[in-house]
Amino acid sequence: MHKYNIVLGIFFLSLLHMTHGSVSRQWRRQTSADFDVLIFTERWPLTACFVWKENSESHSCLLPKRDEWTIHGIWPTKYNTMGPQYCDRSLPFNASALAPIENELKENWIDIQNGSKPYTFWKHEWDKHGTCAVVIEALNSELNYFEKGLKLLDTYNMIVVLAKANILPGETYTIDVMLTAIEEVLGKRGQITCAKHEKTGESYVNEIRICFDKSLQLTNCDGIYNFPTNCDRNKQIIYPSYVPRYLAKQM
Ligand SMILES: *[C@@H]1O[C@H](CO)[C@@H](O)[C@H](O)[C@H]1NC(C)=O
Ligand SMILES: *[C@@H]1O[C@H](CO)[C@@H](O)[C@H](O)[C@H]1NC(C)=O
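So, here's what we can say about the structure. Since the model is a prediction, treat every value here as computed from it, not as a measurement.

1. A word on the packing of helix 5 (residues 120-133) against helix 6 (residues 142-156)
Inference 1: Running from amino to carboxyl end, helix 5 crosses helix 6 at an angle of 105 degrees, the nearest separation of the two axes being 10 Å. Classed by the angle they form, the pair helix 5 and helix 6 counts as roughly perpendicular. Note on element contacts: helix 6 touches helix 5 through Glu-142, Tyr-145 and Phe-146, opposite Trp-122, Glu-125, Trp-126, His-129, Gly-130 and Ala-133.
Inference 2: Class assignment of the residues belonging to the contact of helix 5 with helix 6 gives a composition of 5 nonpolar, 2 polar and 2 charged.

Right, here's the structure in full:
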């Protein structure tokens, strides 16, 4: 009888904790902290635009003014899988919070897919990844999350990283040459993804991912899903200097 009361007491106590606002949020956040690394994903806008237009002729792209890589997102990730994602729905995207950095975001965290609202893309990245990243102190708010992305791009823009190894837009390379360049310039292994032209079979450099540990120190990406690449390792990969044309309709 006595034991039973204690168990019941603990049960109601935990119920009380879970329904109490701040405690329940912390509890959810702790669950979502379950990841190994943060992937910082940069996209090559010309390839991202090609992929978007390939989906539909009616799609239009927004492109940066200069030849630069742009941000896709900062993604908390467990090894060998994707996610966690959508960790905390109690943290809705708030466009006004980004007002201080909105101009920079428009230039560097650009919505290549020309979304219906200026912040469609940012809301997506926040809901899906930012709400999982908030357990890291430096990323604990929307403004901090997006500001950190801008800083990382500033430090690691792949146009600069690759140029240090003489890898330039308009040329073709094997993927191993590109992977080695990243490792030699940064001292850590990254990931490269490609987009393939269905009709011509050509492959384009699409995204480059570099990884950070929970203290935001650059680390090897070994172990992340699809590491080190989904590109064809026996082929020359194009690093395009213009948006590749989708030829499906003509061929
Ligand atoms: C983006 O899309 C809007 C319509 O949603 C269109 O008016 C605008 O011209 C597009 N921008 C570019 C650069 O294509
Ligand atoms: C959205 O952000 C603005 C600017 O930081 C803030 O004043 C406002 O209270 C926030 N709104 C919500 C619903 O959190």
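2. Thoughts on the packing of aromatic side chains
Inference 1: Tallied over the entire structure, the rule returns 10 aromatic pairs.
Inference 2: Relative to Tyr-239, the ring of Trp-69 has its centre 6.0 Å away and its plane inclined at 50 degrees; by these criteria the two rings are tilted. Remark: Tyr-239 occurs in strand 7 (residues 236-239) and Trp-69 occurs in the loop between helix 3 (45-55) and strand 2 (70-77); sequence separation between them is 170 residues. Taken as a pair, Trp-69 and Tyr-239 share a single burial class, namely buried.
Inference 3: Both rings, one in Tyr-145 and one in Phe-146, keep their centres 5.1 Å apart while their planes meet at 85 degrees; by these two values the pair is edge-to-face.
Inference 4: The buried category is assigned to Phe-146, whose relative accessible area is 0%.
Inference 5: A cation over an aromatic ring shows up here: Lys-214 above the ring of Phe-35, its NZ or CZ 4.8 Å from the ring centre.

3. With respect to helix 8 (residues 175-186)
Inference 1: An ideal rise of 1.5 Å per residue puts 16 Å on 12 residues; helix 8 measures up with 17 Å between its terminal C-alpha atoms.
Inference 2: What helix 8 keeps buried is the set Ile-175, Met-178, Leu-179, Ala-181, Ile-182 and Leu-186. With its buried residues spanning 155 degrees around the axis, helix 8 presents them on a single face.
Inference 3: Note on helix 8: the residue one or two positions beyond its end, Gly-187, has a positive phi of about 80 degrees.

4. Some remarks on the state of the cysteines
Inference 1: The final tally for this structure, using the stated rule, is 4 disulfides.
Inference 2: The disulfide that involves Cys-194 links it to Cys-231, with 2.1 Å between the sulfurs. One quick way to see it: the torsion about the S-S bond of Cys-194 and Cys-231 is about 100 degrees, and its sign makes the bridge right-handed. Residue Cys-194 is located in strand 4 (residues 191-196), and its partner Cys-231 is located in the loop between strand 6 (218-219) and strand 7; the two are separated by 37 residues in the primary sequence. The same class applies to Cys-194 as to Cys-231, namely buried.

5. Comments concerning the site of ligand 1
Inference 1: Contacts to ligand 1 come from Ser-60, Cys-61, Leu-62 and Asn-114.
Inference 2: At 3.4 Å, a side-chain N or O of Ser-60 approaches an oxygen atom of ligand 1.
Inference 3: Asn-114 places a polar side-chain atom, nitrogen or oxygen, 2.2 Å from an oxygen atom of ligand 1.
Inference 4: Within the complex, 32% of the 360 Å² of free accessible area of ligand 1 lies under protein.

Each value, and the rule that gives it
- Residues numbered from 1 in each chain as written.
- Chains lettered and ligands numbered in written order.
- Predicted model: local features only at pLDDT ≥ 70, side-chain atom pairs only at ≥ 80, totals over all residues.
- Heavy atoms only, no water.
- Axes fitted to C-alpha atoms, helices over the stretch in contact; angles between N-to-C directions.
- Helix = DSSP H or I, 4+ residues; strand = E, 2+ residues; numbered from the N terminus.
- Parallel < 35°, antiparallel > 145°, perpendicular 65-115°, else oblique.
- Contact = heavy atoms within 4.5 Å.
- Nonpolar A, V, L, I, M, F, W, Y, C, P; charged D, E, K, R; others polar.
- Phe/Tyr/Trp six-rings, centres within 6.5 Å; stacked < 30°, edge-to-face > 60°.
- Buried < 20%, exposed > 50% of the residue type's maximum accessible area, 1.4 Å probe, protein only.
- Lys NZ or Arg CZ within 6 Å of the ring centre and 35° of its normal.
- Expected span 1.5 Å × (residues − 1).
- Arc of directions from axis to C-beta.
- Disulfide = S-S within 2.5 Å.
- Near = heavy atom within 4 Å.
- Polar contact = N/O pair within 3.5 Å; in protein donor to acceptor, adjacent residues only side chain to side chain.
- Areas by Shrake-Rupley, 256 points an atom, 1.4 Å probe, with all protein chains shown as cover.

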